[in-house]
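Residues per chain, in single letters:
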Amino acid sequence: DLITEAFGEVMSSRRKYELKKPNGELLKELYFPPLTRYDRIQAQAAAGSEEALVISTRLLCKMAQKEDGTPAFDMSDAPMLQRQIPEKVLNDIEIFMMDIEVDIPKAKNE
């Protein structure tokens, strides 16, 4: 109980991602609650695969929300997103969703 109470406020907060068109114009705002291991396990089960890219796009479809908290995607959108959206766009959204900080210049040098 001490642990869940300590992180209660963190688990109720969401972060906003601004998805932009290639010309820089705002296309859509996506909101992401914090990820849990349970979310990852569910996405992996839904993906039916151990492939990280398949799982991460399923996780994106599961976690992304509209401003009002309703799902931004359906789980059935995952294959279409993988086929029709540039990988860089999906990578950027998924890295944001997972709250991973990437130092691109440092990564390129390694």
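I will try to describe carefully the structure that is included in this document.

Criteria and thresholds
By convention here, each chain's residues receive numbers from 1 onward along its written sequence. Note on the predicted model: pLDDT of at least 70 is required for a residue's local features to be given, and 80 or more for side-chain atom pairs to be given and counted; whole-chain, interface and lining totals, by contrast, use all residues. Water and hydrogen atoms were dropped before computing side-chain values, which therefore reflect all heavy atoms in the structure. Here a strand is any run of E in DSSP of at least two residues, a helix any run of H or I of at least four, and the numbering for each starts at the N terminus. A simple rule labels every residue: compare its accessible area, found with a 1.4 Å probe on the protein chains alone, to the largest value its type can have, and call it buried under 20%, exposed over 50%, or partly exposed in between. Under the convention used here, Asp and Glu are negative, Lys and Arg are positive, and both His and the chain ends fall outside the count. In plain terms, the charge of a residue is placed at NZ if it is Lys, CZ if Arg, CG if Asp and CD if Glu. Here an axis means a line fitted to C-alpha atoms, over the contact stretch when the element is a helix, while the angle between two N-to-C directions is reported on a 0 to 180 degree scale. Left-handed describes a crossing whose near helix is turned anticlockwise from the far helix through less than a right angle; right-handed describes the clockwise counterpart. Between two residues, a contact is recorded if the distance between any of their heavy atoms is within 4.5 Å. For this classification, the nonpolar set comprises Ala, Val, Leu, Ile, Met, Phe, Trp, Tyr, Cys and Pro, the charged set comprises Asp, Glu, Lys and Arg, and every other residue, Gly included, is treated as polar. Pairing of N or O atoms within 3.5 Å defines a polar contact, subject to two protein rules: one partner must be a possible hydrogen donor and the other a possible acceptor, and residues neighboring in sequence count only if both atoms are side-chain atoms. In short, DSSP must find at least two bridges between two strands for them to pair. To qualify as a nonpolar core, a set must consist of buried Ala, Val, Leu, Ile, Met, Phe, Trp, Tyr and Cys residues joined through side-chain atoms within 4.5 Å. Two aromatic rings from Phe, Tyr or Trp, using only the six-membered ring of Trp, form a pair when their centres are within 6.5 Å; if the ring planes differ by under 30 degrees the pair is stacked, by over 60 it is edge-to-face, and anything between is tilted.

## Focus on the overall build of the protein chain
The helix and strand tally for the protein chain stands at seven helices and two strands. Overall, the protein chain shows an N-to-C arrangement of helices and strands of α-α-β-β-α-α-α-α-α. Dimensions of the protein chain, computed from C-alpha atoms along their principal axes, come out at roughly 45 × 35 × 30 Å. Classification of the 110 residues of the protein chain by burial places 23% in the buried group. Taken together, the 15 basic and 20 acidic charged side chains of the protein chain have centroids lying 4 Å from each other.

## Things to note about the packing of helix H4 (residues 52-63) against helix H6 (residues 87-97)
Two quantities define a packed helix pair, namely the angle between the helix axes and the distance between the axes. Between H4 and H6, the shortest axis-to-axis distance is 10 Å and the interhelical angle comes to 65°. For the pair H4 and H6, the crossing hand works out as left-handed. Facing Leu-53, Ser-56, Thr-57, Leu-59, Leu-60 and Met-63 of H4, the residues of H6 in contact are Glu-87, Leu-90, Ile-93, Glu-94 and Met-97. Of the residues in the contact of H4 with H6, the class split is seven nonpolar, two polar and two charged.

## Some details on the environment of Leu-30
Locating Leu-30 in the fold gives a position in strand S2 (residues 26-32). Expressed as a C-alpha distance, the spacing of Leu-30 and Lys-66, which sit 36 residues apart in the sequence, is 5.6 Å. Excluding residues that lie within four positions of it along the chain, Leu-30 makes contacts with Arg-15, Lys-16, Tyr-17, Ala-64, Gln-65, Ala-72, Phe-73 and Ile-93.

## Overview of the side chain of Gln-65
Residue position: Gln-65 is located in the loop between H4 and helix H5 (78-84). Reaching out from Gln-65, the side chain makes a polar contact with the side chain of Arg-14 at a distance of 2.7 Å. Not counting residues up to four positions away in its chain, the partners in contact with Gln-65 are Arg-14, Glu-29, Leu-30, Tyr-31, Pro-33, Thr-70, Pro-71 and Ala-72.

## Observations concerning the pairing of S2
Each regular strand displays side chains that alternate between the two surfaces of the sheet. With six bridges joining them, strand S1 (residues 15-20) and S2 adopt antiparallel strand pairing. By the bridge assignment, Lys-16 is partnered in S2 with Tyr-31. Remark: five residues form the turn of the hairpin made by S1 and S2, two consecutive strands paired antiparallel; Gly-24 in that turn has positive phi of roughly 95°.

## A closer look at the nonpolar core
Ranked by internal contacts, the top residues of the largest apolar core, which has 17 residues, are Tyr-17, Leu-30, Phe-32, Leu-60, Ile-93 and Met-97. Per element, the largest residue contribution to this core is five residues, and it comes from H4. Beyond its immediate stretch of four places on either side in the chain, Ile-93 contacts Tyr-17, Leu-19, Leu-30, Phe-32 and Leu-60.

## Observations concerning the environment of Ala-64
In this structure, Ala-64 sits in the loop between H4 and H5. Placed 33 residues apart in sequence, Ala-64 and Met-97 show a C-alpha to C-alpha distance of 8.0 Å. Beyond its immediate chain neighbours, meaning those up to four positions away, Ala-64 contacts Leu-30, Tyr-31, Phe-32, Thr-70, Pro-71, Ala-72 and Phe-73.

## Section: the packing of aromatic side chains
Taken as a whole and assessed by the stated rule, the structure comprises two aromatic pairs. Through a chain of ring-to-ring contacts, the aromatic side chains of Tyr-17, Phe-32 and Phe-96 assemble into a single cluster.

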